[in-house]
Structure formats: C-alpha cells, structure tokens
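Observations on chain architecture
Each chain, letter by letter, is given below.
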Amino acid sequence: MSKVYDVIIIGAGPGGLAAAIYGGRSRLSTLLIEKGQDGGQIAITDDIENYPGQIVDGESGPSLIKRMSEQVEKFGAERVSEAVTSVDLNGDIKTVKTAQDEYQAKNIIIATGAYPRSIGCKGEDEYKGRGVSYCATCDANFFEDFEVYVVGGGDSAVEEAMYLTKFARKVTIIHRRDELRAAKAIQEKAFKNEKIDFMWDSVVEEIGGEDMLQWMNVKNVKTGEVTKVEADEEDGLFGLFGFIGTIPNSELFDVEKDERGYIKTDDNMHTNVDGVYAVGDVRIKSLRQVVTAAGDGATAAVQVERSLSNYF
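All of the points below concern the structure found in this document.

The rules we used
Residues numbered from 1 in each chain as written. Predicted model: local features only at pLDDT ≥ 70, side-chain atom pairs only at ≥ 80, totals over all residues. Heavy atoms only, no water. Helix = DSSP H or I, 4+ residues; strand = E, 2+ residues; numbered from the N terminus. Contact = heavy atoms within 4.5 Å. Polar contact = N/O pair within 3.5 Å; in protein donor to acceptor, adjacent residues only side chain to side chain. Axes fitted to C-alpha atoms, helices over the stretch in contact; angles between N-to-C directions. Parallel < 35°, antiparallel > 145°, perpendicular 65-115°, else oblique. Left-handed = near helix turned anticlockwise from the far one by under 90°. Nonpolar A, V, L, I, M, F, W, Y, C, P; charged D, E, K, R; others polar. Disulfide = S-S within 2.5 Å. Buried < 20%, exposed > 50% of the residue type's maximum accessible area, 1.4 Å probe, protein only. Phe/Tyr/Trp six-rings, centres within 6.5 Å; stacked < 30°, edge-to-face > 60°. Pairing = 2+ DSSP bridges. Arc of directions from axis to C-beta.

Topic: the environment of Gln-54
As for its position among the elements, Gln-54 is in the loop between β2 (30–33) and α2 (61–74). A C-alpha to C-alpha distance of 21 Å links Gln-54 and Arg-25, two positions 29 residues apart in sequence. In contact with Gln-54, other than residues within four places in its own chain, are Ile-48, Glu-49, Glu-59 and Arg-67. Polar side-chain contacts of Gln-54 include one of 3.1 Å to the backbone nitrogen of Tyr-51.

Section: the packing of helix α1 (residues 14–25) against α2
Following both chains from N to C, one finds α1 and α2 inclined at 30 degrees, their axes separated by 8 Å at the closest point. Relative to α2, α1 is oriented roughly parallel. Crossing angle aside, the handedness with which α1 passes α2 is left-handed. Facing Pro-14, Leu-17, Ala-20 and Ile-21 of α1, the residues of α2 in contact are Ile-65, Met-68, Ser-69, Gln-71 and Val-72. Counted by class, the contact of α1 with α2 contains seven nonpolar, two polar and no charged residues.

What about the state of the cysteines?
The final tally for this structure, using the stated rule, is one disulfide. Across a sulfur-sulfur distance of 2.2 Å, Cys-135 and Cys-138 are joined as a disulfide pair. Looking along the S-S bond of the Cys-135-Cys-138 disulfide, the torsion reads about 70 degrees, which is the right-handed sense. Assessed through its relative accessible area of 25%, Cys-138 is described here as partly exposed. The closest cysteine sulfur to the non-disulfide-bonded Cys-121 is located on Cys-135, 18 Å from its own sulfur.

Structural notes on the packing of aromatic side chains
Counted under the stated rule, the structure contains six aromatic pairs. Here Phe-143 and Phe-241 contribute two aromatic rings whose centre-to-centre distance is 5.6 Å and whose plane-to-plane angle is 75 degrees, an arrangement assigned as edge-to-face. A residue pair is termed long-range when its members are at least 10 positions apart, and Phe-143 in the loop between α3 (136–139) and β9 (147–151) and Phe-241 in strand β15 (residues 239–242) qualify at 98 residues. In this pair, the class of Phe-143 matches that of Phe-241, namely buried. Ring geometry for Phe-241 and Phe-243: centres 5.9 Å apart, planes at 20 degrees, overall stacked.

Quick look at the sheet that holds strand β14 (residues 226–230)
Pairing within the open sheet is antiparallel, and its three strands lie in the order β12-β13-β14. The open sheet is flanked by β12 (202–208) and β14, the only strands paired with a single partner. Adjacent strand axes in the sheet meet at a mean angle of 25 degrees when their direction is disregarded. Summarising the sheet, β12 and strand β13 (residues 215–220) pair through six bridges and their orientation is antiparallel. Paired with Val-203 across the bridge in β13 is Lys-219.

Here's the deal with the environment of Thr-98
Of note, Thr-98 is situated in strand β5 (residues 94–98). Measuring from C-alpha to C-alpha, the distance between Thr-98 and Arg-79 comes to 13 Å, with 19 residues separating the pair along the chain. Among residues more than four places away in sequence, those in contact with Thr-98 are Glu-82, Ala-83, Val-84, Thr-85 and Tyr-103. At a separation of 2.5 Å, a polar atom in the side chain of Thr-98 contacts the side chain of Glu-82.

Some remarks on the pairing of β13
From the end of β12 to the start of β13, which pair antiparallel, there are six residues, and Gly-209 there has a positive phi angle of about 155 degrees. Strand direction decides the pairing type here: β13 and β14, joined by five bridges, are antiparallel. Residue pairing for β14: Val-218 is matched across the bridge by Thr-227. Hairpin connection from β13 to β14: five residues lie between these consecutive antiparallel strands, with Gly-224 at a positive phi of about 80 degrees.

Observations regarding helix α4 (residues 155–164)
Looking only at α4, the buried set comprises Ala-157, Val-158, Ala-161, Met-162 and Leu-164. What you see down the axis of α4 is that its buried residues fit within an arc of 160 degrees, all on one side. For α4, the secondary structure elements touched by its buried residues are α3, β9, β10 (170–174), α5 (184–192), β11 (196–199) and β15.

Next up, the structure:
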C-alpha cells in the first residue's frame, strides 16, 4: 500500500478502459480495478454496428473490448482483478479497499456502470443477445421487418417503442397496468402510431425457443389467463425489449447522486468531491452507448492529467 497512484479507475467497461488508455498514454501512474470480465454490458453483445472505426463486418462486443484491453496493456496501466468492497474519498489521498488488498491514489475515476432491470421472466438470462435486449439504439436494426415486443410503460419504454417502429414491422407494448405511465405527450404520439399495439394488464412469465427467441407466455394479471405468443413461422423469431429502468452501480460511493442513484457530474466528469470523477453509465447522461462512455473516460483522464500538471 506504500504506492500512491495518480489515478485509480474502478471498472473496465468502455469508459474505464478509455480512461486507462488515456491515463497510461499520459504517463500517469494508473491502476485499473475490475472484478469480472472487461467490457461491462457490451461484453455480451454479439453484434456492434454503430461504433465509429469498428470493423465494418463482424464486430462484436468482445472483439471490440479485446482491442481496447490490449491498448490499456500497451500504454502501461497496471491492473488487478479484484472486487472493490469500500472506498474512502476524503482528503487528498483516496483509499480503495478490495477483498484482497488496499490501494491509494490522488484521483479516482468511477466507471462501475449500470445494469438493466430484468423483465423477471423464466428464461430471460438464456436469451439475452438471442432475442432479448435492453437497448433499442443498439439492437433495433437486427429486427428489421420482424415483430418486436416491449416490456414497460414509462417514458423510456414508450419512446424506445416508437424508435423501434422505424425498423420492426410491428411493435407491441406489454404493460402490467391498464394505462401507460409515460408523459401524456409521449402517449399521444404512441397511440397515433399505427405500428404500435398494446397488451394491457400483462406480464411476461416465460420465454423460450431453439437457438433464438421464438415464443413467450404472457399472463393477464387481472384474469390469470396465459397466452402463448409465437414467432411468425416465416420469421422464426421475434424481439423482446425490456425498458423498466436501469440500476447504477453507485452504492459504494459517497458522492452527490440523483434520486435513482446516478452520479452527478459536470461536463468534465467532476463529481462534487475533489479528485473524484464518474464516467459512463453510472453517471447522469442522456445517451448510454459505448461511444459516449469512451468519450467520458477520455475526458476524465485528461482532467486528471491537467490537475496534476497544475493546468487549472
């Protein structure tokens, strides 16, 4: 524990990896801590089509993240594979404790991400990336001219359903209540959209299929009736998108957050605590994508370098 790093980055998703690349390249003493596999949510994405500079044909989440990780190694950032158990962000020197060790740094970059709330149906984990998705911007084009179902009734669910109508031939919103929770203006647009249908008072209980999602059981919560929805025979599959919110991995950090737990930052990724930054999905932002997370990470690392060089 005698070494004090210039920066410790917690989390090796796209934001954390980008921060480590920029930190290492700037000759900052950089430690990247990740408890699991690199990449965060993108690590389970089979196909990527909208990351600038990617391999045009055949890019996947794992392949993109592998190259990012190799860049981290190239620029000399140190790494440990450990789970962070607590942090002390007070004072000029911050402390990060894991189950195995304790580390200190002048700056901390929080890149712990967020995870989507699960739909809560049997078979959900098995079909993630094989019909089940939580990101319309990421995966809508994979369901062009197919039928798609959206679980949720809030603003994000209805807005994403409308976005999906640009690709899918039909979008059905499945909502456990008999009316939407989305803002009235958003509801009005959805009701006017001829490609959107609704299954009210309903929840998805179970999903299945062979290699891809092909059927689901939907239960009416008022009558108890269960309806089996099957993919069109010519299609052979359909899409199921869950939009019932995301949960930020922010509970360890004593910084200012909104009511949902997302960390508040300024445009340069500073939190309300000196020397502490937040990047990627864990912070409040309007677009959660690989490209925006990477941009956040680069910004935070440059801010760290400038603060240590007394640029401010």
